[in-house]
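Close look at the chain arrangement
So the chains spell out like this:
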There are 2 protein chains.
Amino acid sequence: MSRQRGRVTLPSEEGFVRETKELMERWGADAIRDSDGTKLDAAVKALPAKIYTAYFPSRGHNEFIEQHREECPQIYLMTEFVLAQSVTLEIELLRTYYREQLDVDYLHDPHRYWQVIDRTTGEVLPPSDWRIRQQDDTVIIDNAVPWHEYTVSFLAYIQWDPVQMYNHITNDWGDKPHEIPFDVKQPHSNAFIYKAMKQWLRDNPEVDVVRFTTLFYQFTLVFNELAKEKFVDWFGYGASVSVAMLEDFSREKGYALTAEDFVDQGYYNSSFRVPSPAYLDYVDFVSRFVAAETKKLVDLVHDSGKEAMMFLGDQWIGTEPYGPYFGSIGFDAVVGSVGDGTTLRMISDIPHVKYTEGRFLPYFFPDVFHEGNDPVVEANRNWLAARRAILRKPIDRMGYGGYPSLAYKFPKFVDYVEQITDEFRDIHDHIGGASPYSGLKVAILNCWGALRTWQAFTVAHSLYSKQAYSYYGILEALSGMSVDVVFLSFDEVLEQGIDPSIDVVINAGDAYTAFSGGEVWKNAQLVERLRRWVYAGGGLIGVGEPSAVQHQGRFFQLADCFGVDKERGFSVSTDKYFNQKAEAHFITADDTAFDFGETTNHVYALYERVEILEYSNGEVHLAANRSGAGRAVYIAGLPYSPGNARLLLRSLYFAAGKEAELKRWYADNVDCAVHAYPERGVYAVVNNTNDPQSTVVYDGEGRTSVVELGPSEIVWKETDGGAAS
Amino acid sequence: MSRQRGRVTLPSEEGFVRETKELMERWGADAIRDSDGTKLDAAVKALPAKIYTAYFPSRGHNEFIEQHREECPQIYLMTEFVLAQSVTLEIELLRTYYREQLDVDYLHDPHRYWQVIDRTTGEVLPPSDWRIRQQDDTVIIDNAVPWHEYTVSFLAYIQWDPVQMYNHITNDWGDKPHEIPFDVKQPHSNAFIYKAMKQWLRDNPEVDVVRFTTLFYQFTLVFNELAKEKFVDWFGYGASVSVAMLEDFSREKGYALTAEDFVDQGYYNSSFRVPSPAYLDYVDFVSRFVAAETKKLVDLVHDSGKEAMMFLGDQWIGTEPYGPYFGSIGFDAVVGSVGDGTTLRMISDIPHVKYTEGRFLPYFFPDVFHEGNDPVVEANRNWLAARRAILRKPIDRMGYGGYPSLAYKFPKFVDYVEQITDEFRDIHDHIGGASPYSGLKVAILNCWGALRTWQAFTVAHSLYSKQAYSYYGILEALSGMSVDVVFLSFDEVLEQGIDPSIDVVINAGDAYTAFSGGEVWKNAQLVERLRRWVYAGGGLIGVGEPSAVQHQGRFFQLADCFGVDKERGFSVSTDKYFNQKAEAHFITADDTAFDFGETTNHVYALYERVEILEYSNGEVHLAANRSGAGRAVYIAGLPYSPGNARLLLRSLYFAAGKEAELKRWYADNVDCAVHAYPERGVYAVVNNTNDPQSTVVYDGEGRTSVVELGPSEIVWKETDGGAAS
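All values reported here derive from a predicted model rather than from experimental measurement.

**Let's talk about the overall build of chain A**
- Scanning chain A for helices and strands turns up 19 helices and 36 strands.
- Taken against the 2.2 N^0.38 rule, which gives 27 Å for 725 residues, the C-alpha radius of gyration of chain A at 27 Å falls within 12% of a compact globule.
- Expressed along its principal axes, the backbone C-alpha trace of chain A runs to roughly 75 × 75 × 50 Å.
- By sequence separation, contacts in chain A at least 24 residues apart represent 72% of the contacts at least 6 residues apart.
- When the accessible surface of chain A is totalled, it reaches about 25,300 Å², and 48% of it is carbon and sulfur.
- Charge separation in chain A, taken as the distance between the mean sites of 68 positive and 103 negative side-chain charges, equals 4 Å.

**Brief notes about empty space enclosed by the protein**
- Tallying each qualifying case throughout the model produces 18 cavities of 30 Å³ or more.
- The calculated volume of the largest cavity comes to roughly 700 Å³.
- Lining of the largest cavity is provided by 36 residues; of these, A:Glu545, A:Lys566, B:Glu545, B:Lys566 and B:Asn601 occupy positions nearest its centre.
- The set of elements that each furnish at least two residues to the lining of the largest cavity consists of helix 15 (469-479) of chain A together with helix 15 (469-479) of chain B.
- Residues belonging to the lining of the largest cavity are distributed by class as follows: ten nonpolar, twelve polar and 14 charged.
- Roughly 90 Å³ of volume is contained in the second largest cavity.

**Observations concerning the UniProt feature "domain: Lacto-N-biose phosphorylase-like N-terminal TIM barrel" (unreviewed entry) in chain A**
- What UniProt calls "domain: Lacto-N-biose phosphorylase-like N-terminal TIM barrel" (unreviewed entry) maps, in this numbering, to residues 6-437 of chain A.
- For the annotated span residues 6-437 of chain A, helix accounts for 34% and strand for 19% of the residues, and the straight-line distance between the end C-alpha atoms is 26 Å.

**Things to note about the sheet that holds strand 20 (residues 440-446) of chain A**
All names here are of chain A.
- If you trace the seven strands from one edge of the open sheet to the other, you get 21-20-22-23-30-29-28, paired in mixed fashion. Where the open sheet ends on each side, the last strands, each with one partner, are strand 21 (483-489) and strand 28 (611-616). Here the strands of the sheet are splayed against their neighbours by 15° on average, with no regard to which way each runs.
- With five bridges connecting them, strand 28 and strand 29 (residues 619-627) associate as antiparallel partners.

**Some words on the environment of B:Tyr113**
Residue and element names in this part refer to chain B.
- Mapped onto the secondary structure, Tyr 113 falls in helix 4 (residues 110-113).
- Owing to a relative accessible area of 10%, Tyr 113 belongs among the buried residues under this scheme.
- For Tyr 113 and Phe 154, which are 41 residues apart along the polypeptide, the C-alpha to C-alpha distance reads 7.1 Å.
- For Tyr 113, the side chain forms a polar contact with the side chain of Glu 247, separated by 3.0 Å.

**Section: the relation of the copies chain B and chain A**
- Relative to chain A, chain B is turned by 180° and slid 0.0 Å along the rotation axis, the superposed coordinates differing by an RMSD of 0.0 Å. What we have between these two chains is a two-fold relation. Proximity to the rotation axis, assessed at the C-alpha, singles out B:Asn601 in chain B; its C-alpha lies 4.9 Å from the axis.
- A share of 100% of interface residues in chain B that are also interface residues in chain A marks the association as one of identical surfaces.

Definitions and cut-offs
- Residues numbered from 1 in each chain as written.
- Chains lettered and ligands numbered in written order.
- Predicted model: local features only at pLDDT ≥ 70, side-chain atom pairs only at ≥ 80, totals over all residues.
- Heavy atoms only, no water.
- Helix = DSSP H or I, 4+ residues; strand = E, 2+ residues; numbered from the N terminus.
- Rg over C-alpha atoms; globule rule 2.2 N^0.38 Å.
- Contact = heavy atoms within 4.5 Å.
- Areas by Shrake-Rupley, 256 points an atom, 1.4 Å probe, with all protein chains shown as cover.
- Lys, Arg positive; Asp, Glu negative; His and termini not counted.
- Charge placed at Lys NZ, Arg CZ, Asp CG, Glu CD.
- 1 Å grid on protein atoms, 1.4 Å probe; cavity = no way out; pocket = protein on both sides within 12 Å on 5 of 7 lines; lining within 4 Å.
- Points joined across faces, edges and corners; volume = space filled by probe spheres on them.
- Nonpolar A, V, L, I, M, F, W, Y, C, P; charged D, E, K, R; others polar.
- UniProt positions renumbered as here; feature names shortened; annotations may be inferred.
- Pairing = 2+ DSSP bridges.
- Axes fitted to C-alpha atoms, helices over the stretch in contact; angles between N-to-C directions.
- Buried < 20%, exposed > 50% of the residue type's maximum accessible area, 1.4 Å probe, protein only.
- Polar contact = N/O pair within 3.5 Å; in protein donor to acceptor, adjacent residues only side chain to side chain.
- Least-squares fit on C-alpha atoms with pLDDT ≥ 70 in both.

Shown next, in the form of structure tokens:
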């Protein structure tokens, strides 16, 4: 292929002009960015490329915020549970918190805004039952019930930006000043933010793209007394709270929020929790506020002739790219870190922007770029994971971050990125904005729906979670699969039913989480709608503990559809006879080794007609069932692997009753894939591994050919059978 | 040892006089019994032995009950869940039941006694909403809500004794008449039972012991449409119901029971279910009734100069040997089948009888006694399991069942039983009724308490249960351990606190079952009492999901004591740092391989001070924690094995804070044990395996000696160091 240029953003740094030009040329970069801690030389800024500059509207101005410490962002914190061993109990508010990050708010009446709760009974103590000893940040309960546990929920100030704090601690920055954040909700901060933005725009005429590395509210990130991470929720609205926010909320929504609405028994409304109506109201309220304030910044950027780009991370709370207000902000672009296929789709599917950009791994940091390590390994793994998703819905641009001088010392890495960037542009050239062939439309059903598009089962961006990986694999599989994916909430199903264009609904997760659904499954209307839909021919897939809530003799409320339920110890007296594996089955035809991850125990078949596809340890882990004209598949867990992606694909086609259509634009080798773009007359045969592969390829009519692929290779062909140029 | 005689019951059969005499001599039997299907010859009855004869008061008289079919026992049955696909729904009552066992009761107004329930909402339909088509046993709902599931709960007659039915089906007895049971609650049956008993006593003067093989109510045992077991609950009161019983109950207790009180969403009040107050009332009501009726029979037996013995099995429901009314019955003896140490203790600990007897395995039936099989293997396994418990609390007598002519064909088996029976008598001679040394007192805490002494975690006698074996192992370990064991209910703790003589409380089971406790853990008083007790120095052991109920930010309500909780997906955002295994620990000092059985997933340590003793797959499975002056131990599951018995023993001593006292009357080899009888001046060193063993033995002062033991050997020594004669 011929050398092309564009779609690539290169980080630069001081004293790196010649090499920047060289990398620009080799990687075809058409944009140059700075990073946290790097600046661009004038000579670099003068290169024929767009210039991105990081911008931090709500930190980095200690000279301002030190005059207005009452305008730091706030957060509701809960102390640990403390046991009363007599009638007097003292609770240290900050005992398990990092005092350099957090300070108690005594400015707003604690007896109005705080709560002391008996966690043995759940009772909120009347304010008269407790008092404060401010000099050592302690709450004293004088009439505690011995042997009950108590917590105090209190308002605190966040006095150190958590991201800078993390870098500061990790890199041992010593006496480098702590960056103090400020809250756009507060009067002085609000005025300062817009004034500072205007001045900055005037001062930086050479910048083409203002990259809002942060916006206003950090996702919840709290450190403990050892200065280590204590709580992290990439979706958490905890740090957006303030008395002003609470009061405005109360005025608009007609009711007041309490501390417990935020601390939530210590679970802090993690996205795994079934969201309370109050929390959903709060998310809506803050999102609207953030969108309005962000729009003002974006308008200023546009007024100065520049583009506004949002970084999806850190202080992104309230922007909600898949929420109802994002479009009103007017961002030109979103950039985010690409950890895998799921996070790529989380970026590339964002609506209402002109373009999306992915920041690839590895960062150019010494943890990877050091003597004796080969950064190509991580780059290849990252690229293969992302490419699966790019072929379904490409990001518009790619880039890297960190210190290019480090990367420059690894010529093989520079070569490999050259290859990747060429391949990225080549994919765009072939696809040309066309939609890929999709055999099915799949809906992920949970409490959050579209608001958490490609964000389900996530604690923090790319962070492993023991509780989540066996479900996250569903998203990762789907991110690169020849199906359309939508995210559907229970409320939508209740209000609008299930769109007839949907082939298969997936409900997955641990019982009582937001992803499985919890108490909503006692809602007869929800159950009715799903059963009616399945019996009329719909497909249903359950993973883990789908539709689970203990109610009326069932744990899985759609047990009749799945044909399985989970034994929780209540029906051990009932004989369970059905344990014969089905002879051969469409779903398991590729005979892959099963890996159900954390798996789900004690699941058994309810009916003889259930097709048991995997049975071990006296449990069913994979089963298929027919209900009326519809089909359901149960899977005990689905961590991501090529084999499990195939298992899911086959389960989807089976559930949809479209087995005959599976082998269209299809590769029989699970490590390969075929993506077709009918309106462009091309298709790609992709090797998702770094080993050579051979695969039978099925075209749109099911005609086969054998394709040999080199490591990581992607081969383009024309749909009439020729090779694409 | 010298040949002794006594404490042994021998089964005999027709035409087996000479061999019976020989076996009597060799096994030292002093009693002879018949069995189901065998009769004793006159010459056998004349032998110098007590004669036991099986008696069945409520079956075996079809000539009577065929005149009073309305007096068959009854049961509430629930149909399967049936899905309404339109507004009309027909539900076949007996579709999943065995029609030869069960018949629908139309004599008592169905619209009064039955219930039709919408299982999607839990709503009970008004009787006007359904009608009956009696000719095909069908209920018709005319205004069903489409896509809801419905059940019908109805009264049925049990027209075939389930035990005879089981034998009939299993042995293919063809047209042998079905034995029809009758209900002592009914007028004709009641009169018949006493009349028949009197006549029988007159007709059988040679009988010394009337062995009530059945009494009045069978434990719940229902068969399906394929004549296979559908539901079995060895503790179930389902088959004791009748309209007369319901009406008397209502009169006495002041409220009426409904069908749902019995069918319980299809769980039928299994003993794994947290018992409802209504069910507990019913158990109490029936037990009192059964005790009164049984006493009348026993009195008749005594009046005729014979002894009355109860068989603990089959129709034992309502006798409740550990309940408040058992003593009033006046039984002379209880006999039961010995499957292991737990079932032995279930028999030997029964109060209010003059003696207890165990029926050992194998039965003399062709399934074991056939060419090519060695019945000694099962006999040895059974004996070693039982002997552990016998050494703690012996049954007074032992015996066998079945066809002795079969056993007689296996000379090695006859030899082995000769050895066992001698050893059994030898144990009695050494113990002489003395109490064994106990180092600790342990309480098992659950919903049932003493009523289910040695009966927790049991579906049916000696039946494996996937949900139960990881807890049942606790009982099996304790049954032969040098500790005293009591069974304690939550109600007792709430009413009386925890007896100060108790060293360690064990709460074990799956969450929300009667053994873990479920909602009772929201009772602040219960939690207070346990915490107070632990902090004052008490020991607490939790197995599986102890004290579990989702409430106020905790799953284990005593998480503060255990130092661990279970992650259910709600607190995945909270960092969990504590995963360092403790270096060395008293509990794991024997370094046994861990086997947590079904285990418990996702348990994590709450505090740094928790001593983590096993950590794998990102989970804690064994941990110790100190709370005030007390200790707690968490174990993920404890199937029975010698290693796990040691693990539990060490956990108990650690929890009790009595580590220094562990090695008193102690064997360091986990396959051996020491039991001391201080008041008799003897102790036994026991090899619990069929391989030779060597062990260090610790005496009461901790002095050591080495003892070599042959396979299964038991060596008696005097506490002054000599060998016991």
